[in-house]
Every structure is written in structure tokens, then in C-alpha cells.
Amino acid sequence: GHRPCRVVDPDSLRAGLHAFAGHRCDTSIFHRVICQSVSAATPLCVDGHKMNKLPSRERLWELLDYQPLTGELTWKPRPSTPQFRMAGTQAINHMNEQGYKVGRLDDAGVKAHRVIWKMMTGEDPQIIDHINGDRADNRWGNLRSVGRVENARNLGLSKNNTSGHNGVYWFPRS
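Residues numbered from 1 in each chain as written. Predicted model: local features only at pLDDT ≥ 70, side-chain atom pairs only at ≥ 80, totals over all residues. Heavy atoms only, no water.

Regarding the nonpolar core
And then number 1: With 18 residues, the main nonpolar core has Leu64, Leu73, Ile92, Leu105, Val115 and Met119 as its most contacted residues.
And then number 2: Counting only elements with at least two residues in this core, the list comes to helix 3 (57–63), strand 1 (64–67), strand 2 (72–75) and helix 4 (112–121).
And then number 3: Excluding its chain neighbours within four sequence positions, the residues that come into contact with leucine 64 are Leu73, Thr74, Trp75, Lys76, Ala91, Ile92, Leu105, Val115 and Met119. (Core = buried A, V, L, I, M, F, W, Y, C linked by side-chain atoms within 4.5 Å. Buried < 20%, exposed > 50% of the residue type's maximum accessible area, 1.4 Å probe, protein only. Helix = DSSP H or I, 4+ residues; strand = E, 2+ residues; numbered from the N terminus. Contact = heavy atoms within 4.5 Å.)

Here is the structure:
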């Protein structure tokens, strides 16, 4: 599956990927596929997927209402737009394959928990963790900004796990 996205500096990503590749990147397939697609204007997650830039905090509050106790986003009335009939209805609430609530804002795909984080803090989110593990539960008390290691602690056991515990592996006797 797709790992959670985290914005990285494109120049650092380019430098790190070049060092990792260990070759002259300008003649490699690696360079054509990865490095040329990285531009300063495009935020990327750590595994190279493009992330849509979220609108400003002000724009988000202009379009949406958020109920921190329920985690619900609703559309605000906008009389001059065709979406006026949507006022008061749930926003960004389509469930994707990974269990996140997703939708469209200003012609860009967004995840509800990332929108909520920016609405509440004004910060573009890095990795947002759902504390209780329910990706559809966007109550403010269930969201937190974490690093990759902390977020990985919430992962369940791998389907290949035979010990019943994370990080515990069986080694055959010699």
C-alpha cells in the first residue's frame, strides 16, 4: 500500500536519490523517471508521489465548517456558485481504498484529515496520525502530527507475522 505522505524539499530529495543511485544520474533511467519529475513547485511525499498543495487556511474556512467533536466537515453557503445547493451537506467524505475520507477542493484531490490539520493549525501537514487507528475518524482529539517512526507504530501485525508480536521473528535452529 501507499505509505503516508510527508513533504520533502525537492533539492534534498534529488541529492539524496542521486547519492543512493550511485551513478551519473543525467544518463540514467532513474534520472529521467524520478529526478526530472521533481520540481521546486511540487511537494512530494517521501516515496516520490505528488501531493496536492492545500489552499490557504483562510480559503479552507471560507469553503468549509469543521466540527472538532464529531470530525465532520460541511460545505458553507456560497450563493454565487453552483455548489450553493450543497451548503450544510458533508464535505470531503468519500472513502478511498485505504479508509481515508477524500474529496475535491478547488479542482484538486485532498484528504479530509490533512485539510482539517491545516484549518486548525494553519500549518501544511507532514504526517498526520489517527491515534485510534481509524482513518475515517477525523475528530480533532484523534489527530496528531508525528514522524514516520511514530506513525509506523500504529501499523497492525503483518500478514506474514507468525509470532503474534511486532518486531519478534522466529529464527530456525542451526
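Section: the pairing of strand 4 (residues 101–105)
And then number 1: As defined by bridge partners, strand 3 (residues 94–95) adjoins strand 4 across two bridges and the pair is classed as antiparallel. Looking across to strand 4, one finds that histidine 94 is bridged to valine 102.
And then number 2: Here strand 3 folds back onto strand 4 in antiparallel fashion, the turn holding five residues, of which glycine 99 has a positive phi close to 95°.
And then number 3: Summarising the sheet, strand 4 and strand 5 (residues 108–111) pair through four bridges and their orientation is antiparallel. Counterpart to leucine 105 in the pairing with strand 5 is alanine 108.
And then number 4: Where strand 4 folds back onto strand 5 in an antiparallel hairpin, the turn is made up of two residues, including aspartate 106, whose phi is positive at roughly 50°. (Pairing = 2+ DSSP bridges.)

Some details on unusual backbone geometry
And then number 1: Although it is not a glycine, aspartate 106 sits at a positive phi angle of roughly 50°.
And then number 2: Its place among the elements puts aspartate 106 in the loop between strand 4 and strand 5.
And then number 3: Note on aspartate 106: relative accessible area 42%, which makes it partly exposed.
And then number 4: With a phi close to 65°, aspartate 107 is a non-glycine residue in the positive phi region.
And then number 5: Counting through the fold element by element, aspartate 107 comes out in the loop between strand 4 and strand 5.

Some details on empty space enclosed by the protein
And then number 1: In the structure shown here, the tally under the stated rule is two cavities of 30 Å³ or more.
And then number 2: The computed volume of the second largest cavity comes to approximately 60 Å³.
And then number 3: Every residue lining the second largest cavity is listed: Gly71, Glu72, Leu73, Gln90, Ala91, Ile92, Asn93, Lys101, Ala112 and Asn138. (1 Å grid on protein atoms, 1.4 Å probe; cavity = no way out; pocket = protein on both sides within 12 Å on 5 of 7 lines; lining within 4 Å. Points joined across faces, edges and corners; volume = space filled by probe spheres on them.)

Description of the pattern of salt bridges
And then number 1: Summed over the entire model, instances satisfying the criterion amount to seven salt bridges.
And then number 2: In this structure, aspartate 65 and lysine 76 form a salt bridge, with 3.7 Å as the shortest nitrogen-oxygen distance. With aspartate 65 in strand 1 and lysine 76 in the loop between strand 2 and strand 3, the pair connects residues that are 11 residues apart, well separated along the chain.
And then number 3: Residue classification places aspartate 65 among the partly exposed residues on the basis of a relative accessible area of 29%. (Salt bridge = Lys/Arg side-chain N within 4 Å of Asp/Glu carboxyl O.)

Examining the sheet that holds strand 4
And then number 1: Spatially, the three strands line up as an open sheet ordered 3-4-5, and their pairing is antiparallel. Looking at the sheet topology across the chains shown, the edges are occupied by strand 3 and strand 5.
And then number 2: Docked against the sheet, helix 4 engages strand 4 and strand 5, running at close to 80° with respect to strand 5. (Axes fitted to C-alpha atoms, helices over the stretch in contact; angles between N-to-C directions.)

Observations regarding the packing of aromatic side chains
And then number 1: In total, this model carries one aromatic pair according to the counting rule given.
And then number 2: When the ring centre of tyrosine 100 is taken as origin, the NZ or CZ atom of lysine 111, which lies over that ring, is 4.6 Å away. (Phe/Tyr/Trp six-rings, centres within 6.5 Å; stacked < 30°, edge-to-face > 60°. Lys NZ or Arg CZ within 6 Å of the ring centre and 35° of its normal.)

The values reported here are purely geometric and, on their own, carry no functional implication.
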